[in-house]
Amino acid sequence: MILQLTEELITQIHTHGEQAYPEEGAGFLLGVYADNGTRAVKAIFPLANSWENEARHNRYLITPEDYLKAELAADRLELSLIGVFHSHPDHPNRPSEFDREWAQPFFSYVITSVQSGKAIESRSWRLLEDRTRFEEEEIRKLT
């Protein structure tokens, strides 16, 4: 399992997480699927966190309207929604139990640890079909 991302897109994801800090930031990954199971991110679709104010420090919410807007943007670019990115303020870049409960098995989930307002590192995960746990997915950085 490989997720291809350019340095520029990783920087955009990190910037979104830093700007959202101390709240979680989130958005969609737009890209293409390769025959070998590799996914290539070609663009991101950042979103505002729609969760109620008091929980935004450890939760994000993507509304049905957000999902529709992202689908339409992907269609315009002739891409697909291939995943979600979000930040974990002052926490590791591993999926939480909450993340597992709300995740969809067919998406890649890029999680960025943002410590004291600075993005540290991103990792990608895919939820198993039986929804029991995530498996880490290699992020292959492209220039």
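Procedures and definitions
Residues numbered from 1 in each chain as written. Predicted model: local features only at pLDDT ≥ 70, side-chain atom pairs only at ≥ 80, totals over all residues. Heavy atoms only, no water. Helix = DSSP H or I, 4+ residues; strand = E, 2+ residues; numbered from the N terminus. Buried < 20%, exposed > 50% of the residue type's maximum accessible area, 1.4 Å probe, protein only. Contact = heavy atoms within 4.5 Å. Pairing = 2+ DSSP bridges. Right-handed = clockwise from strand over helix to strand, strands pointing away.

### A few points about the environment of Ala-48
Point 1. If you trace the backbone, Ala-48 turns up in the loop between β3 (39-47) and α2 (64-76).
Point 2. By relative accessible area, Ala-48 is classed as exposed at 60%.
Point 3. As for Ala-48 and Leu-61, which are separated by 13 residues in sequence, their C-alpha atoms are 8.6 Å apart.
Point 4. When near neighbours in sequence (up to four residues on either side) are disregarded, Ala-48 contacts Leu-61 and Asp-66.

### Some words on the pairing of strand β5 (residues 108-115)
Point 1. With seven of eight residues buried, β5 lies mostly within the body of the structure.
Point 2. Pairing of strand β4 (residues 80-89) with β5 involves seven bridges; the strand directions are parallel. Paired with Val-84 across the two strands is Tyr-109, which belongs to β5.
Point 3. In the classification by handedness, the crossover that spans β4, the intervening helix α3 (residues 97-102) and the parallel β5 is right-handed.
Point 4. Both β5 and strand β6 (residues 118-127) contribute to a ladder of eight bridges, which runs antiparallel. Its bridge partner being in β6, Gln-115 is matched across the sheet by Lys-118.
Point 5. Taken together, β5 and the strand that follows it, β6, pair antiparallel across an intervening segment of two residues, in which Ser-116 is found at a positive phi of about 50°.

### Considering the environment of Met-1
Point 1. Counting through the fold element by element, Met-1 comes out in the segment before β1 (2-6).
Point 2. On a C-alpha basis, the gap between Met-1 and Lys-42 in space is 17 Å, while along the polypeptide they are 41 residues apart.
Point 3. When neighbours within four sequence positions are excluded, Met-1 is seen to be in contact with Arg-126, Glu-135, Glu-136, Glu-137 and Glu-138.

### Digging into the pairing of β3
Point 1. Here β1 pairs with β3 via two bridges, running parallel. Bridge pairing in β3 links Leu-3 to Arg-39.
Point 2. Counting the residues between successive antiparallel strands, the hairpin from strand β2 (residues 26-33) to β3 contains five residues, one of them, Gly-37, with a positive phi of roughly 90°.

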